[in-house]
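Structural characterization, general
Residue-level listing of the chains:
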Amino acid sequence: MKNDAENIRILEQLRPRYDSLRTAQIKLSAEQDRLDTEIQNEEATAVELLGTSDQEGMEKIISDAWVDNTAVVDEFVSIINEIDAAYRQLAGTPEQVAISRPQSPPSRTPPQR
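To start, this report covers the structure provided alongside it. (Residues numbered from 1 in each chain as written. Predicted model: local features only at pLDDT ≥ 70, side-chain atom pairs only at ≥ 80, totals over all residues. Heavy atoms only, no water.)

1. Observations concerning the overall build of the protein
If you tally the helices and strands in the protein, you get two helices and zero strands. Burial statistics for the protein: of 113 residues in total, 5% are counted as buried. Nonlocal contacts in the protein, meaning residues at least 24 apart in sequence, comprise 47% of its contacts between residues at least 6 apart. When the accessible surface of the protein is split by element, carbon and sulfur atoms take 57% of a total near 10,100 Å². (Helix = DSSP H or I, 4+ residues; strand = E, 2+ residues; numbered from the N terminus. Buried < 20%, exposed > 50% of the residue type's maximum accessible area, 1.4 Å probe, protein only. Contact = heavy atoms within 4.5 Å. Areas by Shrake-Rupley, 256 points an atom, 1.4 Å probe, with all protein chains shown as cover.)

2. A few points about a nonpolar patch on the surface
A cluster of nonpolar side chains, namely Phe76, Ile79, Ile80 and Ile83, defines an oily patch on the protein surface of about 380 Å² accessible area. Within the secondary structure, phenylalanine 76 is located in helix α2 (residues 55-91). (Patch = residues over 30% accessible without salt bridge, like charges linked within 9 Å, V, L, I, M, F, W, Y side chains within 5 Å. Salt bridge = Lys/Arg side-chain N within 4 Å of Asp/Glu carboxyl O.)

3. Let's talk about the pattern of salt bridges
All chains considered together, the criterion is met by five salt bridges. Its salt-bridge partner being aspartate 64, residue lysine 60 comes within 2.7 Å of it at the nearest N-O pair. In this pair, lysine 60 and aspartate 64 are both assigned in helix α2, four residues apart and thus about one turn of the helix distant. A relative accessible area of 49% means that lysine 60 is categorised as partly exposed. Taken together, the salt bridges that share partners define one network made up of Glu31, Arg34 and Glu38.

4. Comments concerning helix α1 (residues 4-50)
End to end, α1 covers 65 Å across 47 residues, agreeing with the expected 69 Å (1.5 Å per residue, within 8%). In the structure, α1 departs most strongly from a straight axis at leucine 14, where the bend amounts to approximately 35° and where the proline proline 16 lies between one and four residues downstream. Where α1 begins, one side-chain oxygen reaches toward the backbone nitrogen of alanine 5, 3.2 Å away; that side chain belongs to asparagine 3. The first or second residue beyond α1 is glycine 51, which carries a positive phi of 85°. (Expected span 1.5 Å × (residues − 1). Bend = angle between axes of the 7 residues up to and from the residue. Polar contact = N/O pair within 3.5 Å; in protein donor to acceptor, adjacent residues only side chain to side chain.)

5. Some words on α2
Taking 1.5 Å per residue as the helical rise, α2 with its 37 residues ought to reach 54 Å, and the 53 Å between its terminal C-alpha atoms agrees with that figure. Within the sequence span of α2, burial applies to Ser63, Val67, Thr70 and Asn81. Downstream of α2 by a residue or two, glycine 92 has a phi angle that is positive, lying close to 70°.

Shown next as structure tokens:
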């Protein structure tokens, strides 16, 4: 059995470790609070911009936008090709090869970067 003096000596030796761990716990708790606030702010921004903060919902919105953007680009390419063909016909210059996109059906998933 340890006597009081030995217990006090052990406690005094442990004090720096305890203080260090307590300081770390306080810092980590403050960091967790800061990150929780940051997450709440980012979720609010997502809801404001996209109407949801749900990951699957955001992925669907992004995927739908990618499909829409691809359709708009395809339409723009078609219009430019038509204008260019009409111009070349009026100018009497040789026809330029039209720009086209491969004829595969659009994916619902944006390409990976």
